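Letter by letter, the chains look like this.
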Amino acid sequence: MLQYNDSWNDYFVSLSQFQTEYEGAVGAIANELDTSWCKECAIIVNNPVAAKRKGAVEATVKLNHNARCIKVVDKSGKEVPSQIVAKQGKTLKIVFIANVDSVGYKVYDVQVADKKYGKATDLKVTEHTLENAKYRVVFNKNGDIATIIDKKLKMQILSKPIKLAAMHDIGMLNYPSWEMRKEDIDGEPYAYANTPEFEIVENGAARIAVKVSRHIESSRIEQVVSLESGGETIRVDNFIDWQERRTMLKAQFPFACENEKATYDLGLGYIQRPTNSENLYEVPAQKWADLSDEYERFGVSIFSDCKYGWDKPNENTLRLTCLHTPAGAFTKDARQDLQDIGRNIFSFGICSHKGALSSLTESESELFNEKMVAFQTSSRREGKYDDISLLKISSSGVAVRSIKKAQDDDSIVIRVNEMSGKTHRNVCVTMLGEIKTAEEILAANPDGIMLSNGPGDPKECVSIIKEIKKLYDSDVPIFAICLGHQLMALATGADTHKMKYGHRGANHPVKDLQTGKVYISSQNHGYVVDMDTLDDKIARPAFINVNDKTNEGLEYVGKNIFTVQFHPEACAGPKDSDYLFDRFMNMMKKGRD
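Residues numbered from 1 in each chain as written. Predicted model: local features only at pLDDT ≥ 70, side-chain atom pairs only at ≥ 80, totals over all residues. Heavy atoms only, no water.

(A) Helix α5 (residues 462-473), seen in detail. With 12 residues, α5 ought to run about 16 Å at 1.5 Å a step, and its terminal C-alpha atoms sit 17 Å apart, in line with that. Inspection of α5 places Ile465, Glu467, Ile468, Leu471 and Tyr472 among the buried residues, and these make up the whole buried set. Angular distribution of buried residues about the axis of α5 spans 165°; they occupy a single face of the element. Opposite the buried face of α5, at more than 90 degrees from it, the exposed residues are Ser463 and Lys466. (Helix = DSSP H or I, 4+ residues; strand = E, 2+ residues; numbered from the N terminus. Expected span 1.5 Å × (residues − 1). Buried < 20%, exposed > 50% of the residue type's maximum accessible area, 1.4 Å probe, protein only. Arc of directions from axis to C-beta.)

(B) Region of interest: the environment of glycine 267. Inspection of the secondary structure puts glycine 267 in the loop between β20 (261-265) and β21 (270-274). Its relative accessible area of 17% is what places glycine 267 among the buried residues. Considered as a pair, glycine 267 and methionine 419 are 152 residues apart in the sequence and their alpha carbons are 9.8 Å apart.

(C) The side chain of asparagine 316, seen in detail. Here asparagine 316 lies in the loop between β25 (309-314) and β26 (317-325). Note on asparagine 316: relative accessible area 15%, which makes it buried. Only 3.0 Å separates the side chain of asparagine 316 from the side chain of serine 159, close enough to count as a polar contact. Setting aside its immediate chain neighbours within four residues, asparagine 316 contacts Ser159, Phe253, Pro254, Phe255, Cys257, Glu258 and Leu291. (Polar contact = N/O pair within 3.5 Å; in protein donor to acceptor, adjacent residues only side chain to side chain. Contact = heavy atoms within 4.5 Å.)

(D) Molecular detail of the sheet that holds strand β6 (residues 91-100). An order of β2-β6-β5 is seen for the 3 strands of this open sheet, with the pairing classed as antiparallel. The open sheet has two edge strands with one neighbour each: β2 (53-62) and β5 (82-88). On average, adjacent strands in this sheet sit at an angle of 25° to one another, irrespective of strand direction. Taken together, the 10 bridges between β2 and β6 define a ladder with antiparallel strand orientation. (Pairing = 2+ DSSP bridges. Axes fitted to C-alpha atoms, helices over the stretch in contact; angles between N-to-C directions.)

(E) Geometry of the packing of aromatic side chains. If you walk through the whole model with that rule in mind, you get 18 aromatic pairs. The interplanar angle of 55° and the centroid separation of 5.9 Å between the aromatic rings of phenylalanine 139 and phenylalanine 198 together place this pair among those described as tilted. Here the residue phenylalanine 139 occupies a position in strand β10 (residues 135-139), and phenylalanine 198 occupies one in strand β15 (residues 194-203), the gap between them amounting to 59 residues. In terms of burial, phenylalanine 139 and phenylalanine 198 fall into one category: buried. Note on tyrosine 175 and tryptophan 178: the rings are 6.1 Å apart at their centroids and 70° apart in plane angle, and the pair reads as edge-to-face. Residue class for tyrosine 175 comes out partly exposed when judged on its relative accessible area of 40%. You can call tryptophan 178 exposed: its relative accessible area is 56%. Pairwise contacts between aromatic rings join Phe479, Phe562, Phe581 and Phe584 into one cluster. One cation-aromatic arrangement involves lysine 559 over tyrosine 472; the distance from NZ or CZ to the ring centre is 4.9 Å. If you follow arginine 583 out to its NZ or CZ, it ends over the ring of phenylalanine 562, 4.1 Å from the centre. (Phe/Tyr/Trp six-rings, centres within 6.5 Å; stacked < 30°, edge-to-face > 60°. Lys NZ or Arg CZ within 6 Å of the ring centre and 35° of its normal.)

The values reported here are purely geometric and, on their own, carry no functional implication.
What follows is the structure, encoded as structure tokens:
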């Protein structure tokens, strides 16, 4: 067991180091935020997810005065729903609703108040029910979640109660931790969590929660079921003192929807797998699993913060393996027959949705697993920002997977991927600071580079032209539009000139010189590439304007680079040239392969 103790020690040392780094980074950002307006207790809330969000955030604050009630306000003076969860002298544990931008930081002020937040919210709670704008949750006499009404869908999403089931777990004796037996998975549970005690532990304007305390044999189980004001997910936090040998604990989710296949998260995608078979029963998933009705009327996603084993015993049930204590020890040092014995803390969430699986599941699972974090600051500065967003992405169907410094220099690496198995176009990533050099772009190892449109005389973009020449010298596929088209031409030795009238509007015919086809395009430019200055060993005309014969696009020789003067992305506008984006994506795919 010594190696496990060493691993736990290293894990907590790493957590402590990361906390120090995190707090230091927030402190640096706090110096840029305006906290001068705060009267009592300035709180900086960090949203680590690359999507704007509104939800409950927990904070521990120490006030200057004793307080029976608080109010939380933003800089405009608007009060947000808040509540005190616990109090010890002037130190309070509070919950309030924060609205924070993508990968953002925002300042709130916690003040002493004469009364609780007074406006009505969507939350209602009794010892046996919880309710917000989306859900009504009802417990049965055994302490199980027996009913979940999705009020937006107007339907009960469960066919039977959600149960915690203890099942015999002999396992494969030669590899007990890693290999489960089909007969164990197929066996009936020998016990369920029972003899409940109910307690309302939170009843406020921001969040409500009921704690259900039960036992399975010699193990004590506490589940805190909570709903946020306006929340999309039912959260269940589990605290289990596990004492059962040769037993696995599974959470059973029997839904009102049926499908032969369920969908499982792989981290950078997902996979569909069928109902349990002889060779495929316990399967992995990272953050979520989903069962959607085969007719795509509705579905339910289950989120997990740290449990990764799932199975599907029939067409309407998912099961999450919460604890796994097999019979075999593997070795006398490993003692896998004692794994999970003792204190266990984990959470799962339930989120129903209309229609088939969509990016909603992925985005809500991110919010479930990446809570907003609050920091109290004593500084009072007239900073430059009321709030800060370090990064934004324009599409809710595309996720930012990581933002990090490059290994060898100070470049920033951003990794994104789509979340629903569909092509997404016109996706824009915006950062607080500009990306100024080609090295920063190439350091991210991009599949492709888009040079976008913009205003003005392209020759004035002297520093940008130098960086574009570096991009030209790389082997990365490049697609440039309008101003980007002109800048690439200037970077490779061609010239541009101002037009007498320019091209404006959504009905300009352009001719593809390779196919001879004519397309109607949207245009808005006053400068044009001078075709007489082109070096035909570098670039050749690909499109011309049918009306005045000016250049409308270039093909670069020996490079995966093409550029157009018109706007294939224009909305609303003609869609004749949408195929250019397909061409660009095919170029990127070939580059990856």
